[in-house]
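So the chains spell out like this:
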Amino acid sequence: MRRHLLFLLLLTATLQAQQPAFPSAPAAQPSPAARGYRIAGTVIGLVSSQPVADASVSITATANPAPSITMQTGPDGRFVFLNVSRGKYLLIAKAKGYSPQGLDEHGDYATAVAVGPELDAEHIVLRLRPDAAIEGRVTDEHNEPVANASVQLFRKGMYRGAAKIVVANQMQTDEDGYYHIEHCSPGTYYVAVSARPWYAQNYDPAAWKGLDAETAVRVAQEAKARDVAYPLTFYPGVEDSSGATPINLHPGGQFTADVVMRAVPAARLRIHFPEPERKEGEARSYPMFFQRISQRIFDGYLDQAIQGQGTSAQPGVLEILGVAPGDYVIQMEPNRFNEKFGIKPGAGWYEEINVVGDMDLQAAEAPRMGTISGAVTYEGSSAPAPGRTFIELANRESGERWSSEVDDKGLFGIKDNAIRPGTYEALLSGQTGYVIRKLSARGAKVSGGTIVITPGASVQVVCTAIRATAQIDGTVVRDDNPVSGAMVVLVPQDVVEDWVLVRRDQSDSDGTFTLPNVVPGQYTVVAIVDGWDLEWGKPSVIAPYRKRGTPVQVPSDGKLNIKVQALSAGVR
Amino acid sequence: MPIPRFFRSCNRAFAWVHLRLVLDSIPHIFLLLFLASSLATSGQAQPGPPSEPQVNAEKFTVSGSVENAVTGEPIRRALVMANGYPQRSCFSDDSGQFEFEGVARGQYQITAQKPNFRSEQELPGHVPPQLVEITANTSGILVKLTPQSTIRGRVTDAAGNPLEHVPMRLTALSLRDGRKRYDQGGFAQSGEDGRFRFGNLAPGTYYVSAGPLTPQPANYLISSNQPRTGYPYVYFPAASDLASAAPIRVAPGQNAEADFTLNQAPVYNVSGTVAGYGPEAGVGFTLLSASGDSLQVPMPFHPESGKLQLLGLPAGQYILKAHSQATREVALDAEIQISVTSNLEGVHIILGPAITIPVAVRMESSNPQSAPAGLPDASSAPPVQIRLLATKQGANDAYSALERTTPPYSIVVRNLEPGRYIAEVTSQGTWYVQSATYQQTNLLAEDLTLSSTGEVHPIEIVLRDDGATLTGTVNTPKGAPASGTLLFFSDQNPARPPKRAPYYPSRGIGGTLETGFEVNGLAPGEYTIIAVDQPDSIEYINPEALRPYLAHASHVTLAAKQKAKVSLELTRTSEVSQ
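What you are looking at is a predicted structure, and each value in this text was computed from that prediction instead of being measured. (Residues numbered from 1 in each chain as written. Chains lettered and ligands numbered in written order. Predicted model: local features only at pLDDT ≥ 70, side-chain atom pairs only at ≥ 80, totals over all residues.)

Focus on the overall build of chain B
Stage number 1. Regarding its fold elements, chain B presents four helices and 43 strands.
Stage number 2. Out of the 578 residues in chain B, the part that is buried amounts to 33%. (Helix = DSSP H or I, 4+ residues; strand = E, 2+ residues; numbered from the N terminus. Buried ≥ 20, exposed ≤ 12 C-beta atoms within 10 Å, placed from the backbone.)

Right, here's the structure in full:
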């Protein structure tokens, strides 16, 4: 059962907060005929194996958007919900030291509790993984605390069936250099720290004039000692993310990750702009750009390093000061004040640079950004449901995303934010019953749902969305017995190219699952037990499971009901 | 000889203020006379150009140490600056020692910086940095840094269990414009173990408050009709308002503790409607405790329908403020009192333009020849500024502004909230404020009270240019700062903001340090005058608090156009026992 935990929590909080005297809630109040079902069980700590008292346990019916019912466990960790009507319920518990968790929760999915005749919902054991914490101290090379350092916590998780490292949390060190991040779910983490030395000041050789040679040398030496920067530093003290040491946070565990920052001479980037044409008598003015300077870490993720407006050192030159040596992606987006300079949207540019020292960049020679505009058409005669629709272009590698609202004529345009060249997936959001299956473009190469934007490209694209309204219901079985808590995947012909067709679920307590919004076609449904670490999004990994999965031919608007054999992780 | 930057900048600012006024209103012959006298009183020698080359200049070694002002321990890795021309910098070593080699002859300000420490300039009182005259190798310069202070504590419930996510507020007591002000000093949240911490604090007096917090519901059915419970906001240690809260006095380097025990109490929801804002404009809301501290509770607002909710309020008195913008200049606001004893519906809050008061200035010149320059339709704006200092905690001060920056000038005080204000009317140059009235209210003697419903009238100000001039010297004991502030308290209008004038050091014959001043444009009347080093550390609006500072006061009676001379004793505010 897909869980949408955050949404549910918010819904619960909102409903409860806004409506203290909630009108008799029909879905939560069982009809007299259905009285008699109960959801009962025990909340147990995963590490301690002891009952968790005073845990807050809630059930929420999955069929109707009904308010949750919440109760607290007794000293024995037990909970009982009486008079529950037939249906499926998400069961979520939280307690001191335990973040909210669903039953057998894995990523976005949990096992829903099925309630009805001949179903046992009264012997549930909800194992809560205790929160972990990570803390540490950031110091400089002189063993002095680094205050207000930005500590980024990266977590290795499964995204689209593949391991990926993404930002999980961010916080600042206190004035003694300490940071403490609570409520971490167990897993593999990395710590990265960025900061500016407190004593740093960018050296301006022109600041003092008329000094004798000896004094000039002294002043320059002293100024250079302060014109320093800290490179982005990964625990335990490396500048390259590939050398970062993974931190395995066990349930309830606490890890100390101290990081030492080492100041290095800072570089200054000077960006030269060509002077725009100007009318006679018009004052000299130069276009303004919004700069974004990022570092590529962990297989391509773009981590923002510097952002904001550059300082203009002299007409036509922007200076970016205090840059630590390293590899950067520098990206300049023209702002709206540029129209008077005749600068068209799309005049933004980017450059991948390796900074080893002061650098001059020529804006005119840098690769241009691209722009994209286009239309969304819906295959078939049926119009999409009313509501706001967005086109999102997502760079799978860097994590960059651009989105544009689709107007009521089906048109969209991403002009003002010029797009960095690269390979993007076009995704439709706001329309759950449709997916983009086909792109045709002028000014860019397309393949399936992806589009390749080249430097300076001005792309016009037509996105064809097709209906995805079929549904597969099923049961995961082993020897004809239902299997709960199995990972269910709807695997299309090509798991990478046809990613938009993939659907996921987790079987509920009666072994049933639902895969909604399916595009008609040929698929294989696989159910894997304890396969949470499987990188099933990789064709070679999913192949052996697929061989033993259940092939399905999904007709348009069809509803299928199938049985799927549970496979154990480790199948070859 | 290069001139130290401190001297230069002060002198420049001093001259600039006068120059601007003088140029605007006085014939040029006066200007020259004034400039000459200004230079003479300050005794400042003509500074040499700052970029004067130092070729072949003699060089010296300057050394000293940085130490903790509280413990006397050396401070390592402090950034030590010698501010002269040029600026020099170095770091103190492991024993707190620093050394500059090759320092040219001249005057330098020696300062130090280090995270978690404050220099004397950064402490309340803002003592100017020490000036060192380098004419030979100099050692033993001592720079003291004051360690930061912290307030920390733990929030628990009645059973002693730690409470997480409790919003914590720090309120700092400060003196500003001669009165006590309670400033928002920071926000924090208690952690999983109930602990919170406010770090990097200057020594001073603080108040800490906790809550309100409405935890996620537990142990009840949503359909039940019981009021929910939460934790009301509490000022340390267990007070319901600022007035009865215990101040936490933090000494330099001290770690003060402030533990809270919060008791559950019912919480209620308030709902209502907001009106009077434009369709495109956003509306901001601030919920204040009765003591004027802003509280963080969920306040969902739907601009389309105007429906507003305040969620999880403990019983009590609140002030809800709404702000919006009608145009760029015109602010909209509203303020209502809410008394919460149960769930409350039907609260109405209607935004309206904030109060704007026009200011009418009449300039009376004693000299008919100078009339063209002095009349309001002349080519300069009236040389007067008004500050309305709010007396209520949480209310904003307001300032006069030029509405039209070209003739005919008009002055307004915008965006005032209803309330009581102390008016501070400052004139410039030779003009003095003869009277400032709002209807029957004499603003030089009484507070201005504005109601939300009352009609708005102009503030009427009369300026005159036949003021008295007072010159004199301030006798400064050895080791005391050579510059400071003169405060002129009007004996007719006690407990009002005094006129302020700076005084500066000058180099007398033989290099001794003297201080002199010339203050013109003084309204005729009787004055009590004191010379102080730190005027902002005196609660001068309060006659009781002011009295101890008056031991060395001089009393003068000034008539129109009178020129008088007076010799004053410096009152060091830190030495006055209260």
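Some thoughts on the overall build of chain A
Stage number 1. A count of helices and strands for chain A gives three helices and 44 strands.
Stage number 2. Residue burial in chain A is summarised as follows: out of 572 residues, 37% are buried.
Stage number 3. Restricting to contacts in chain A with at least 6 residues of sequence separation, those with at least 24 account for 71%. (Contact = placed C-beta atoms within 7 Å.)

Thoughts on the pairing of strand β6 (residues 98-102) of chain A
Stage number 1. Across three bridges, strand β5 (residues 87-95) of chain A lies against β6 of chain A in antiparallel orientation. Pairing of Ala-93 of chain A across the sheet is with Gln-101 of chain A, part of β6 of chain A. (Pairing = 2+ DSSP bridges.)

Some remarks on the sheet that holds strand β1 (residues 37-45) of chain A
All names here are of chain A.
Stage number 1. In spatial order, the strands read β4-β1-β8; together these three strands make up an open sheet with mixed pairing. In the strand order of this sheet, the two ends are held by β4 (78-84) and β8 (124-128), each with one partner. Each adjacent strand pair in this sheet contributes to an overall mean axis angle of 25 degrees, direction not counted.
Stage number 2. Sheet topology note: the β1/β4 ladder contains five bridges and is antiparallel. Each bridged residue has a counterpart across the sheet, and for Tyr-37 the counterpart in β4 is Val-84. (Axes fitted to C-alpha atoms, helices over the stretch in contact; angles between N-to-C directions.)

Considering the sheet that holds strand β3 (residues 88-91) of chain B
Residue and element names in this part refer to chain B.
Stage number 1. Overall, antiparallel pairing links the four strands, which are arranged β3-β2-β5-β7 in an open sheet. The open sheet has two edge strands, β3 and β7 (130-134), and neither has a second partner. For this sheet, the mean angle separating the axes of adjacent strands, direction not counted, is 30 degrees.
Stage number 2. In the sheet, strand β5 (residues 106-113) pairs with β7 via five bridges, with the strands oriented antiparallel. Within β7, the residue paired with Tyr-108 across the bridge is Val-132.

Comments concerning helix α2 (residues 213-226) of chain A
Stage number 1. Helix length check: α2 of chain A (14 residues) gives 20 Å between terminal C-alpha atoms against 20 Å at 1.5 Å per residue, within 8%.
Stage number 2. Restricting attention to buried positions, one finds in α2 of chain A the residues Thr-215, Arg-218, Val-219 and Ala-223 of chain A. Here the buried residues of α2 of chain A occupy an arc of 130 degrees about the axis, which is enough to place them on one side. With respect to the buried face of α2 of chain A, the exposed residues turned more than 90 degrees away are Ala-213, Val-217 and Gln-221 of chain A.
Stage number 3. In the core, the buried residues of α2 of chain A are packed alongside β3 and β4 (97-104) of chain B. (Expected span 1.5 Å × (residues − 1). Arc of directions from axis to C-beta.)

Brief notes about the nonpolar core
Stage number 1. If you look at the biggest cluster of nonpolar residues, it comprises 102 residues, and the most contacted ones within it are Tyr-190, Val-191, Val-193, Val-488 and Ala-527 of chain A.
Stage number 2. By size, the runner-up hydrophobic cluster in this structure holds 63 residues, among which are Ala-322, Leu-444, Leu-448 and Val-519 of chain B. (Core = buried A, V, L, I, M, F, W, Y, C linked by C-beta atoms within 7 Å.)

Quick notes on the domain arrangement of chain B
Stage number 1. The domain boundaries assigned to chain B delineate domain 1 (5-42), domain 2 (59-147), domain 3 (149-263), domain 4 (266-353), domain 5 (355-464) and domain 6 (468-575).
Stage number 2. Between domain 2 of chain B and domain 6 of chain B, the C-alpha centre-to-centre distance is 31 Å. (Domains from an automatic or database assignment.)

Quick look at the pairing of strand β2 (residues 79-83) of chain B
Residue and element names in this part refer to chain B.
Stage number 1. Of all five residues in β2, four are buried; the element is thus mostly enclosed.
Stage number 2. Once β2 ends, the chain turns through four residues before running back antiparallel as β3.
Stage number 3. When β2 meets β5, the two strands line up antiparallel, connected through five bridges. Opposite Ala-82, over in β5, you have Ile-110 as the bridge partner.

Things to note about the confidence of the model for chain B
Residue and element names in this part refer to chain B.
Stage number 1. For chain B, the mean per-residue pLDDT works out to 82, and 84% of the residues sit at or above 70.
Stage number 2. Across residues 1-55 the pLDDT falls below 50, and counting only partners more than four positions away or on other chains, this stretch makes 75 contacts in the model.
Stage number 3. Prediction confidence for the complex, expressed as pTM and ipTM, is 0.81 and 0.81 respectively. (pLDDT = per-residue confidence, 0-100.)

Topic: helix α3 (residues 539-547) of chain A
Residue and element names in this part refer to chain A.
Stage number 1. Looking only at α3, the buried set comprises Ile-542, Tyr-545 and Arg-546. Viewed along the axis of α3, the buried residues span an arc of 100 degrees, placing them on a single side of the element. In α3, those exposed residues whose orientation departs by more than 90 degrees from the buried face are Ser-540 and Lys-547.
Stage number 2. Looking at the buried side of α3, the elements it contacts are β39 (487-491), β42 (521-529) and β44 (559-568).

Considerations on the environment of Tyr-350 of chain A
Residues and elements named next belong to chain A.
Stage number 1. Mapping Tyr-350 onto the fold places it in strand β26 (residues 349-355).
Stage number 2. In this structure, the C-alpha to C-alpha distance between Tyr-350 and Thr-215, residues 135 residues apart in sequence, is 41 Å.
Stage number 3. Not counting chain neighbours up to four residues away, the residues in contact with Tyr-350 comprise Val-329, Ile-330, Gln-331, Ala-366, Pro-367, Met-369 and Arg-420.

Details of unusual backbone geometry
What is expected of a backbone is that most residues other than glycine have negative phi and most peptide bonds are trans.
Stage number 1. A cis amide bond, omega 10 degrees, links Tyr-235 of chain A with the succeeding residue Pro-236 of chain A.
Stage number 2. Residue placement: Pro-236 of chain A occurs in the loop between β15 (233-234) and β16 (247-249).
Stage number 3. Following Phe-236 of chain B, the chain continues to Pro-237 of chain B via a peptide bond in cis, the omega torsion being 0 degrees.
Stage number 4. The phi dihedral of Asn-83 of chain A is positive, around 55 degrees, even though this residue is not glycine.

Here's the deal with the confidence of the model for chain A
Residue and element names in this part refer to chain A.
Stage number 1. In this model, chain A carries a mean pLDDT of 85, and residues with pLDDT of at least 70 account for 86%.
Stage number 2. Ranking the elements of chain A by mean pLDDT puts helix α1 (residues 5-18) last, at 39, and strand β18 (residues 259-261) first, at 97.
Stage number 3. When the criterion is pLDDT under 50, residues 4-34 qualifies, and its contacts beyond four places in sequence or with other chains add up to 47 contacts.

Details of the environment of Asp-407 of chain A
Residues and elements named next belong to chain A.
Stage number 1. Within the secondary structure, Asp-407 is located in the loop between β30 (401-406) and β31 (411-419).
Stage number 2. For Asp-407, a count of 13 C-beta atoms within 10 Å puts it in the partly exposed group.
Stage number 3. Taking the C-alpha atoms as reference points, Asp-407 and Phe-390, 17 residues apart in sequence, are found 8.7 Å from one another.

What to know about the environment of Pro-477 of chain B
Stage number 1. Along the chain, the position of Pro-477 of chain B falls in the loop between β37 (468-475) and β38 (484-490).
Stage number 2. Through-space distance from the C-alpha of Pro-477 of chain B to that of Leu-570 of chain B is 7.6 Å; in sequence the pair is 93 residues apart.

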